[in-house]
Amino acid sequence: MDKQKLRLGVSSCLLGAEVRYDGGHKLDRYLRDVIGIYADFVPVCPEVEVGLPTPRETLRLVKDEQGRTRLVFAKSGEDITERMESWARQRVEQLAGEDLDGYVFTSKSPSSGMERVRVYDRNGVPHKDGVGVFARIFMERFPLLPVEEEGRLNDPRLRENFIASIFTLQRFRRALEEDGGYGSLVDFHTRHKLLLLSHSQQHYREMGSLVARGRELSFADFLERYKNLLMKTLKLKTTLKKQINVLHHVLGYFKKDLSADEKQEVLEVIENYRQELVPLIVPITLLNHYVRKYDQAYLKQQVYLNPHPKELKLLNHV
Ligand code: SF4
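Here is a short report on the structure shown in this document. Counting of residues starts from 1 at the beginning of each chain's written sequence and follows it residue by residue. Reporting in this predicted model follows two pLDDT cut-offs: at least 70 for local features of residues, and 80 or more for side-chain atom pairs to be given and counted; totals over whole chains, interfaces and linings ignore these cut-offs and use all residues. Processing note: side-chain calculations cover all non-hydrogen atoms of the structure and skip hydrogens and water entirely.

### Quick notes on the sheet that holds strand β8 (residues 147–149)
Paired strands, as defined in this entry, are two strands with at least two bridges between them according to DSSP. Here a strand is any run of E in DSSP of at least two residues, a helix any run of H or I of at least four, and the numbering for each starts at the N terminus. Read across the open sheet, the four strands follow the order β2-β1-β5-β8; overall the sheet is parallel. Each having just a single partner strand, β2 (39–44) and β8 make up the two edges of the open sheet. The sheet shows a mean angle of 25 degrees between the axes of neighbouring strands, direction not considered. Here strand β1 (residues 6–11) pairs with β2 via six bridges, running parallel. Counterpart to Val-10 in the pairing with β2 is Pro-43. Comment: axis = line fitted to C-alpha atoms, over the contacting stretch for helices; angle = value between 0 and 180 degrees taken between N-to-C directions.

Structure, rendered in structure tokens:
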């Protein structure tokens, strides 16, 4: 594994492995060819790894008489819930050792779907309120890890949030690997302040006060609390309103620098963003210009202004 890269768990079929029930795959080119440049993947196919052949009879989720959700073969009705659950519990423990930054599931799958999977009631009527068996056990084991489905990644905001989150966890992991002391965590926190603020003002404050009294705690305790809060914060999605708040916050750092004209221009660009006339990359680019022009040391190191590789163009669509 390359320490510089993201570590991403992913459904094998999304990478093009021919492991689906019909012997096909569900290749997601964005995932494999674009995110893949920055990631080492850890592929998982629950149905194959649990020992089922390919091709195979289709599986589905059904409600049994006690109202429990079961994983059964659609035609034969054979119930493999226990088999899948016991395999999944072992597999997630192995995955705990992989130190993943996130996971991408396959939508609609009774094994790998993370939400809105069809569950058939006793009359054979499907209800889109299920979770794939492996995905459920994975999310119970790693409740704060960023997770998405390939379909949801087509939504620019969900995609940007997910990718910003996994890159943040990667930087956190690297900060711990490279030095791992209190100082490197404080440095990590300082560089991520505005990014954290764009997810949640309340969590941003909580993290700030945790860091301020960090030395009163044992390092292990501090680290655990910090990581927990970090992941909770990243789980809260950014919104237009939160972004505008941060953009104004950034503008505040230039009080003494910007001319009246320059300030007016930034305010107009933020307003255009608020009206969704321009994407986030526009105010961010202008602010980055002033960061360079006025050599704003604090803002220069803020990840918020450069959250992920420019080539991904993620800020061009939110
Ligand atoms: S959705 Fe999950 S179980 Fe189905 S083929 Fe893909 S990885 Fe395997």
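More follows now that the structure is in view.
### What to know about the nonpolar core
Buried residues of nine kinds, namely Ala, Val, Leu, Ile, Met, Phe, Trp, Tyr and Cys, make up a nonpolar core once their side-chain atoms join them within 4.5 Å. Throughout, exposure labels follow a simple rule: accessible area from a 1.4 Å probe, protein chains only, divided by the maximum for the residue type, with under 20% read as buried, over 50% as exposed, and the rest as partly exposed. Core analysis: the largest hydrophobic core is formed by 73 residues, its most contacted members being Phe-134, Phe-138, Tyr-226, Leu-230 and Tyr-304. Here this core gets seven residues from one element, more than from any other, and that element is helix α6 (residues 182–199). Any two residues whose heavy atoms approach within 4.5 Å are treated as being in contact. Aside from chain neighbours lying at most four places away, what touches Phe-138 is Val-92, Leu-95, Leu-100, Tyr-103, Phe-105, Leu-145 and Val-147.

### A closer look at the site of the ligand
We define proximity as follows: a residue is near a molecule or strand when any one of its heavy atoms falls within 4 Å of that partner. Within the structure, the ligand sits among 14 residues, and Cys-13, Cys-45, Glu-47, Ser-109 and Ser-112 are positioned closest to it. Charged means Asp, Glu, Lys or Arg here, nonpolar means Ala, Val, Leu, Ile, Met, Phe, Trp, Tyr, Cys or Pro, and polar covers whatever is left, Gly included. Here the residues of the shell around the ligand sort into five nonpolar, six polar and three charged.

### What to know about the packing of α6 against helix α7 (residues 201–212)
Where α6 contacts α7, the two axes come as close as 10 Å, and the packing angle between them is 160 degrees. Classified by the angle between their axes, α6 and α7 sit roughly antiparallel to one another. Here α6 runs over α7; the crossing is left-handed. Contacts between α6 and α7 involve Tyr-182, Val-186, His-189, Lys-193, Leu-196 and Leu-197 from the first element and Gln-201, Tyr-204, Met-207, Gly-208 and Val-211 from the second. Per-class residue counts for the contact of α6 with α7 are seven nonpolar, three polar and one charged. By the definition adopted for this analysis, an angle is roughly parallel if under 35 degrees, roughly antiparallel if over 145, roughly perpendicular if from 65 to 115, and oblique otherwise. Note on convention: the crossing is left-handed when the near helix lies turned anticlockwise from the far helix by less than a right angle, right-handed when the turn is clockwise.

### Here's the deal with the layout of surface pockets
A cavity, in this analysis, means grid points on a 1 Å lattice covering only the protein atoms where a 1.4 Å probe fits yet has no way out; a pocket is instead an open set bounded by protein on both sides within 12 Å along at least five of seven lines, and a residue lines either one if it has an atom within 4 Å of a point. Grid points are joined across faces, edges and corners, and a volume is the space filled by probe spheres set on the points. Reported here for the largest pocket is a volume of approximately 550 Å³. Considering the residues around the largest pocket, the lining is formed by 29 residues, among which Arg-20, Tyr-21, Lys-108, Ser-109 and Pro-110 are closest to the centre. Taken together, the residues that form the lining of the largest pocket break down as 12 nonpolar, eight polar and nine charged. Approximately 450 Å³ is the volume attributed to the second largest pocket. If you go around the second largest pocket, you meet 18 residues; those closest to its centre are Asp-99, Leu-100, Leu-145, Lys-227 and Met-231. A total of five residues in the lining of the second largest pocket trace back to one element, the largest contributor, which is helix α5 (residues 156–178).

### Section: the environment of Pro-55
One can find Pro-55 in the loop between α2 (46–49) and β3 (59–63). Taking relative accessible area as the criterion, Pro-55 reaches 55% and is therefore assigned exposed. Separated by 21 residues in sequence, Pro-55 and Val-34 have C-alpha atoms that sit 29 Å apart. Excluding residues that lie within four positions of it along the chain, Pro-55 makes contacts with Tyr-21, Asp-22 and Gly-23.

### A short note on unusual backbone geometry
Note the cis peptide between Thr-54 and Pro-55, where omega equals -5 degrees. In the Ramachandran plot, Lys-108 falls in the positive-phi region, its phi being about 70 degrees despite a non-glycine side chain. Along the chain, Lys-108 turns up in the loop between β5 (102–105) and β6 (117–120). The class for Lys-108 is exposed, based on a relative accessible area of 62%. Backbone geometry at Glu-276 places phi at a positive 60 degrees, although glycine is not the residue there. For Glu-276, the position within the fold is in the loop between α10 (260–274) and α11 (281–293).

### A short note on the side chain of Asp-101
If you trace the backbone, Asp-101 turns up in the loop between α3 (81–96) and β5. Using a relative accessible area of 1% as the deciding quantity, one classes Asp-101 as buried. Two N or O atoms form a polar contact when they lie within 3.5 Å of each other; inside protein one atom must be a possible hydrogen donor and the other a possible acceptor, and for residues adjacent in sequence the pair counts only when both atoms belong to side chains. There is a polar contact of 2.7 Å between the side chain of Asp-101 and the side chain of Arg-173. Contact partners of Asp-101, with chain neighbours within four places excluded, come to Lys-5, Leu-6, Arg-7, Leu-145, Pro-146, Ile-166, Leu-169, Gln-170 and Arg-173.

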